[in-house]
Amino acid sequence: MTALVTGAARGIGRGCAIALARRGARVVINDLPEQHFLAEETAAACRDAGGNALVHLADVSDFAEVDGMFQVANDRCGGVNILVNNAFRTVRKAFLDLEPSDLQATWDVSLMAPFYCSRQAARGMVARGTGGKIVMISSILAAIPFPNSLPYNTAKAGLEQMAFTMAAELAAHRINVNVVQPGWTDTPGERSFASEAELMQEGAKLPWGRLGSIEDLGEAVAFLCSPAADYITGTMLRVD
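All of these numbers come straight from a predicted model, not from anything done at the bench.

### Some thoughts on the overall build of the chain
Broken down by element type, the chain carries 8 helices and 7 strands. Rg of the C-alpha trace for the chain: 17 Å, near the compact-globule value of 18 Å for 240 residues, within the 12% margin. With respect to the three principal axes, the spread of C-alpha positions in the chain is 45 × 40 × 35 Å. The buried share of the chain, taken over its 240 residues, is 50%. For the chain, restricting intrachain contacts to residue pairs at least 6 apart in sequence, the fraction spanning at least 24 positions comes to 71%.

Pasting the structure below:
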């Protein structure tokens, strides 16, 4: 079983990679070249968890690089059985200050890359006749109009409709396509926008009294990628 996780060097992607490795998956760790050292750390953690791992650095918004990544996965691992679309980009600006380039840069990584990665993965799954699992990492901001986050909010809303439509089309091939919608999760990305004190304060307001963890998200994704979830497709699982 080979799982490809995009944006897996840190944050939720790291949590997903380790959780899948713990269940015996061979994990392809994808991230940008500048995340090389963190990606290698995630790969080591996957091996410590009992799985195998290899690092493939690529910009998922560059389709030629995505093609190369899937070729490596095919050559070295026999193809991708599980795809977790986790890589994202966000721009925080007021609507009146946004430029078209802000939306394009966000959507290239957060919407177009999942489309292209999913298409490549699904084509391989169909050709092999083995079925497979595709999980989209969305956000509660797909449903909540959080101010100053229009590019990201709209990308995640579109990502969910994309997943549900894919699920309807790919069910005949026994390819499950589902969405995980994280709430406020303690990640390096969140820490770039909020202080430790702010994160603690906001986490205390949540029903569980804390922010979500990358382990929480990883376990949810691993469940949807397991045989236990074979009869679940076109579903959104909110982890909040």
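Moving on, there is more to tell.
### Structural notes on the nonpolar core
If you look at the biggest cluster of nonpolar residues, it comprises 32 residues, and the most contacted ones within it are V60, F70, I134 and V177. When contributions to this core are tallied by element, the ones reaching two or more residues are α3 (63-77), α4 (100-128), β5 (132-137), α5 (150-170) and β6 (175-182). It is α4 that contributes the most residues to this core, 8 residues altogether. In this structure, V84, V135, I137 and V180 belong to the second largest nonpolar core, which totals 30 residues.

### Let's talk about the environment of P227
On the secondary structure map, P227 appears in the loop between α8 (214-224) and β7 (236-239). For P227, a relative accessible area of 65% corresponds to the exposed category. Spatially, the C-alpha atom of P227 lies 25 Å from that of G212, the residues being 15 residues apart in sequence.

Conventions adopted
Per chain, residue numbering runs from 1 following the sequence as it is written. It should be noted that, the model being predicted, local features are given only for residues of pLDDT at least 70 and side-chain atom pairs only at 80 or more, the latter also being counted only at that level, while totals for whole chains, interfaces and linings use all residues. Excluding hydrogens and water, the side-chain values take into account all heavy atoms of the structure. Here a strand is any run of E in DSSP of at least two residues, a helix any run of H or I of at least four, and the numbering for each starts at the N terminus. Computation of the radius of gyration draws on C-alpha atoms, with the globule rule given as 2.2 Å multiplied by the number of residues to the power 0.38. Partly exposed describes any residue whose relative accessible area lies between the buried limit of under 20% and the exposed limit of over 50%, with all areas from a 1.4 Å probe on protein chains only and scaled to the type maximum. Residues count as neighbours in contact if any of their non-hydrogen atoms are within 4.5 Å of one another. Nine residue types can take part in a nonpolar core, namely buried Ala, Val, Leu, Ile, Met, Phe, Trp, Tyr and Cys, and a core is a set of them joined through side-chain atoms within 4.5 Å.

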